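Here's the letter readout for the chains.
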Amino acid sequence: MKHDRIHFGADYNPEQWPREVWPEDIRLMREAGVTAVTLGIFSWASVEPEPGRHDFSWLDEVMDLLGEAGIAVSLATGTASPPTWFSRLHPETLPVNRDGVRLSPGSRQHYCPSSPVYREAAAGLAALFAKRYGTHPALALWHVGNEYGCHVRECYCEVSTEDFRAWLRARYGDLDTLNDAWSTTFWSQRVSDWADVLPPRTAPTFRNPAQELDFRRFSSDALLACYRAEREVLRELTPGVPITTNLMGMWEAVADYPSWAPELDVVALDLYPEPKDPAAHVDAAFFHDQMRSLGGGRPHLMMETATSAISYRPPNRPKRAGLNRLWSHQAVARGADGVMYFQWRASAGGAEKFHSAVVSHGGSDNRIFRETAALGAELAGLRDVAGTRVPAEVALVFDYANWWSLELDARPAELRIPERVRAHYLPLWRENVTVDVVTPEADLSGYRLVVVPNLYLCTDEAAANLRRHVEGGGHLLMSFFSGIADACDRIRLGGYPGAFRDLLGLRVEEFWPLSGGETARLDTGRQADLWADHIVPEGAEVLARYVDGPLAGEPAVTRHAFGAGTATYLGTRPDERAMRELVRDTLRRAGVRPVAFGLPEGVEAVRRGDRLFLLNHNDHPVLAAGTELAPLGVAVLKEGR
Ligand code: GLA
Ligand code: GLA
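Residues numbered from 1 in each chain as written. Chains lettered and ligands numbered in written order. Predicted model: local features only at pLDDT ≥ 70, side-chain atom pairs only at ≥ 80, totals over all residues. Heavy atoms only, no water.

**A few points about the packing of aromatic side chains**
Piece 1. The tally for this structure, following the rule as stated, stands at 37 aromatic pairs.
Piece 2. Their ring planes at 85 degrees and their centres at 6.5 Å tell us that tyrosine 148 and tyrosine 227 sit as a pair that is edge-to-face. In this pair, tyrosine 148 is assigned in the loop between strand 4 (139-143) and helix 6 (158-172) and tyrosine 227 in helix 8 (residues 209-237), connecting sequence segments 79 residues apart.
Piece 3. When its relative accessible area of 0% is taken as the criterion, tyrosine 227 is described as buried. (Phe/Tyr/Trp six-rings, centres within 6.5 Å; stacked < 30°, edge-to-face > 60°. Helix = DSSP H or I, 4+ residues; strand = E, 2+ residues; numbered from the N terminus. Buried < 20%, exposed > 50% of the residue type's maximum accessible area, 1.4 Å probe, protein only.)

Set out below in structure tokens:
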């Protein structure tokens, strides 16, 4: 899709409606300022009603209608939900869960990611789409599959097991190396034949953590291979047409998105912030930052969001007036060149009929349609924002292998990456400091400050990278339980945190998790909970000590001058105020300036290109940077005005 405007539109599923509705759809799309739709996501059974019998006539008609109306089409390959006949003819393509249960068709995404039969059929369907519509004037983008891994992110069947073995052979070469990587001397798990290598199925107690971790990596790659199989066909038949699939902005470690991103011509995000959650907009900001960063700073698309209620989280509260406008502007502010909704017309039947849409069950004479149409007109006015960049001087390190490993059994305390990342992101958001979300191995040279929430699992490359950043004059803020294990979840021996001892100028002797609401006071007057490292400084200066708790008198927060930079370390989880003060102090030290100063709480400021976006997340009016903002109000100011 061309980055010549802020695209506006929706998933369009005309196969759910009689032909007579389509011209009305087009008329309303024009009224709402729709510039693009995503078409045909679940169309497999409609274009191939019986094995080998194809009917594209309805889609031909819809493509022409859209083309005539000047609406760009992100055309799906229809492969996210195989038809019933496919599952009947190829029952081995149905996925098997960890307990050995084969899942039935009847919802969607019922395929084994490793199935050659599924992959071949999907690529074949993609080829038919490419041949038929590759030169259609409405075609702007290919949308492959849909939300890979949303429901089925791994399969434990025999085909997947063989595929997992092949993946492990490529990674480790031989069984000795695999045994070493998986620490199989523990609990007599040594494997002497590839036939004994299994996925981590339900077992009597804790499974081998390295095996689990590799299975997550493998499963992400297996899904990616499905995407690639289709992409290769599309690229060959329609070079020049960009290709993507929609990633998900949510707190579930579905797939290793950084390894997916280079395969997407544009990063597309599905985002469903919960209208009932008072902090939903902060998470949304994070996911936009993540997606923009995945694309290397290039604009992303918000491929799906809801105009109002979301159907899968009852009670389904609508978005109050103005909220969709506010959150849609937030997307644009943080780098999106498109705002699209699931879906265009609310379904009359099926599992998601209570999900909001642009056109509701009652039609278009209502608040949602009027608000959406007004927004369409407004976004059309931001045409020159498209393609522009969002600058950031701070990077937040986010790693899926680390996330996966922290979700495994028998860790010293339950560290939840969503909570840990939020705790570090929130104070930056509140300071109106824009953040890129990067892998620990990313090029950090453009950042003044790198924030590292709890990087338990850390590759050698990552350790060297973070060290280099500080040595060269960068600043670092790192939280406890970082640098403990290597990429195979083996402890880095010789004293915690093995990867970062010299960088942080300390050693951690023991972990003292604080449990069940237990807190420890700090000598700064603040409080901490969840965790306490027993820190022994080896050059680091102590910024705060525990006043009470299991480690009374010991250091809780430290800072170490290393090379030309500094590394600040939190051995505990400080309360929100303490975290904010520390982040502020570290920002000041690193010379990072907020996008705007002195804004009221709850006002988000983001700079994109030559615009300053001011977003008021409060239910009351505010005065921000000399501008009056209504409750949930938005202002887009031209810089240097
Ligand atoms: C039991 C088992 C040990 C070990 C310990 C600690 O006692 O016999 O092998 O697992 O628990 O968990
Ligand atoms: C996801 C899917 C859509 C729809 C929406 C709303 O984003 O891609 O097909 O199911 O969720 O639930």
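**Describing the sheet that holds strand 10 (residues 394-397)**
Piece 1. Strand order in the open sheet made by the seven strands is 11-10-12-13-19-18-17, with mixed pairing throughout. The open sheet has two edge strands, strand 11 (435-438) and strand 17 (541-545), and neither has a second partner. The mean inter-strand angle of the sheet, taken between neighbouring strand axes irrespective of direction, is 20 degrees.
Piece 2. Pairing of strand 12 (residues 449-452) with strand 13 (residues 475-479), which is carried by four bridges, proceeds in the parallel orientation. The partner of valine 451 across the bridge, within strand 13, is leucine 477.
Piece 3. Docked against the sheet, helix 10 (residues 280-294) engages strand 10 and strand 11, running at close to 65 degrees with respect to strand 11. (Pairing = 2+ DSSP bridges. Axes fitted to C-alpha atoms, helices over the stretch in contact; angles between N-to-C directions. Contact = heavy atoms within 4.5 Å.)

**A word on the pattern of salt bridges**
Close approach of charged atoms allows side chains with opposite charge to pair.
Piece 1. Applying the stated criterion across every chain yields a total of 59 salt bridges.
Piece 2. Salt-bridge contacts for glutamate 212 lead to arginine 98; the nearest nitrogen and oxygen are separated by 3.0 Å. With glutamate 212 in helix 8 and arginine 98 in the loop between helix 4 (84-89) and helix 5 (116-133), this pair connects stretches of sequence that are 114 residues apart.
Piece 3. What makes arginine 98 partly exposed here is its relative accessible area of 26%.
Piece 4. Note that glutamate 162 is salt-bridged to arginine 165, the shortest N-O span being 2.8 Å. (Salt bridge = Lys/Arg side-chain N within 4 Å of Asp/Glu carboxyl O.)

**Remarks on a nonpolar patch on the surface**
Piece 1. A surface patch of nonpolar side chains, amounting to about 360 Å² of accessible area, comprises Phe186, Trp187 and Phe206.
Piece 2. Take phenylalanine 206: it is sitting in the loop between helix 7 (175-181) and helix 8. (Patch = residues over 30% accessible without salt bridge, like charges linked within 9 Å, V, L, I, M, F, W, Y side chains within 5 Å. Areas by Shrake-Rupley, 256 points an atom, 1.4 Å probe, with all protein chains shown as cover.)

**Here's the deal with helix 10**
Piece 1. With 15 residues, helix 10 should reach 21 Å at 1.5 Å per residue; the first-to-last C-alpha distance of 21 Å fits that figure.
Piece 2. Of all 15 residues in helix 10, 15 are buried, a share of seventy percent or more.
Piece 3. Within two residues after helix 10, glycine 296 carries a phi angle of roughly 65 degrees, on the positive side. (Expected span 1.5 Å × (residues − 1).)

**Quick notes on the site of ligand 2**
Piece 1. Neighbouring residues of ligand 2: Phe42, Arg108, Asn146, Glu147, Asp270, Tyr272, Glu304, Tyr312, Phe342, Glu352 and His355.
Piece 2. In the model, an oxygen atom of ligand 2 is placed 2.9 Å from a nitrogen or oxygen of the arginine 108 side chain.
Piece 3. Taking glutamate 147, its side chain carries an N or O atom lying 2.6 Å from an oxygen atom of ligand 2.
Piece 4. Within the complex, the protein chains bury 97% of what would otherwise be the 300 Å² of accessible surface of ligand 2.
Piece 5. Assessed atom by atom at 2 Å from the grid points, ligand 2 resides in the largest pocket.
Piece 6. Residue composition of the shell around ligand 2, by class: four nonpolar, two polar and five charged. (Near = heavy atom within 4 Å. Polar contact = N/O pair within 3.5 Å; in protein donor to acceptor, adjacent residues only side chain to side chain. 1 Å grid on protein atoms, 1.4 Å probe; cavity = no way out; pocket = protein on both sides within 12 Å on 5 of 7 lines; lining within 4 Å. Sits in = over half its atoms within 2 Å of the grid points. Nonpolar A, V, L, I, M, F, W, Y, C, P; charged D, E, K, R; others polar.)

**Comments concerning the packing of helix 5 against helix 8**
Angle between the axes and distance between the axes are the two parameters that describe a pair of packed helices.
Piece 1. Close contact between helix 5 and helix 8 brings their axes to 9 Å; oriented N to C, the two are set at 30 degrees. Overall, the two elements helix 5 and helix 8 adopt an arrangement that is roughly parallel. The handedness of the crossing between helix 5 and helix 8 comes out as right-handed. Contacts between helix 5 and helix 8 involve Tyr118, Arg119, Ala122, Ala123, Ala126, Ala127, Ala130 and Lys131 from the former and Ala222, Ala225, Cys226, Ala229, Glu230, Val233, Leu234 and Leu237 from the latter.
Piece 2. Partitioning the contact of helix 5 with helix 8 into residue classes produces 13 nonpolar, no polar and three charged. (Parallel < 35°, antiparallel > 145°, perpendicular 65-115°, else oblique. Left-handed = near helix turned anticlockwise from the far one by under 90°.)

**Observations concerning the sheet that holds strand 3 (residues 72-76)**
Piece 1. Strand order in the open sheet formed by nine strands is 5-4-3-2-1-9-8-7-6, with parallel pairing between adjacent strands. Only two strands of the sheet have a single partner each, and these edge strands are strand 5 (243-244) and strand 6 (246-249).
Piece 2. Across two bridges, strand 4 lies against strand 5 in parallel orientation. Among the inter-strand pairings, histidine 143 is bridged to a residue of strand 5, identified as threonine 244.

**Describing the environment of proline 537**
Piece 1. Among the secondary structure elements, proline 537 is positioned in strand 16 (residues 527-537).
Piece 2. Assessed through its relative accessible area of 35%, proline 537 is described here as partly exposed.
Piece 3. Separated by 22 residues in the primary sequence, proline 537 and arginine 559 place their C-alpha atoms 9.7 Å from one another.
Piece 4. Discounting residues that sit within four places of it in the chain, proline 537 has contacts with Gly505, Leu506, Val542 and Pro555.

**A short note on the layout of surface pockets**
Piece 1. The calculated volume of the largest pocket comes to roughly 1,100 Å³.
Piece 2. Residue lining of the largest pocket: 41 residues in total, with Arg108, Glu147, His151, Tyr312 and Glu352 positioned closest to the centre.
Piece 3. Those elements that place two or more of their residues in the lining of the largest pocket are strand 6, strand 7 (268-271) and helix 10.
Piece 4. Per-element tally for the lining of the largest pocket: the top contributor is helix 10, with four residues.
Piece 5. Approximately 700 Å³ is the volume attributed to the second largest pocket.
Piece 6. For the second largest pocket, the lining is made up of 36 residues, of which Pro278, Ala279, Val282, Leu426 and Glu576 are closest to its centre.
Piece 7. Counting only elements with at least two residues in the lining of the second largest pocket, the list comes to helix 10, helix 11 (323-333), helix 14 (417-430), strand 16, strand 20 (572-574) and helix 17 (576-590).
Piece 8. When residues of the lining of the second largest pocket are assigned to their parent elements, the largest contribution, eight residues, is made by helix 14.
Piece 9. When its residues are assigned to classes, the lining of the second largest pocket shows 15 nonpolar, six polar and 15 charged. (Points joined across faces, edges and corners; volume = space filled by probe spheres on them.)

**A look at the side chain of arginine 492**
Piece 1. By secondary structure assignment, the location of arginine 492 is in the loop between strand 13 and helix 16 (501-504).
Piece 2. For arginine 492, a relative accessible area of 16% translates into the label buried.
Piece 3. In this structure the side chain of arginine 492 is engaged in a polar contact, spanning 2.9 Å, whose partner is the side chain of aspartate 460.
Piece 4. Apart from the residues lying within four places of it in its own chain, the contact partners of arginine 492 are Cys458, Thr459, Asp460, Gly483, Ile484, Ala485, Asp486, Gly498 and Ala499.

**As for unusual backbone geometry**
Piece 1. Between proline 314 and proline 315 the backbone carries a cis peptide bond, its omega angle lying at -5 degrees.
Piece 2. Within the secondary structure layout, proline 315 lies in the loop between strand 8 (300-304) and helix 11.
Piece 3. The peptide bond linking tyrosine 496 to proline 497 adopts the cis configuration, its omega dihedral lying at -20 degrees.
Piece 4. Here the phi dihedral of glutamine 109 falls at roughly 60 degrees; this positive angle occurs in a residue that is not glycine.
Piece 5. Tracing the backbone shows glutamine 109 in the loop between helix 4 and helix 5.

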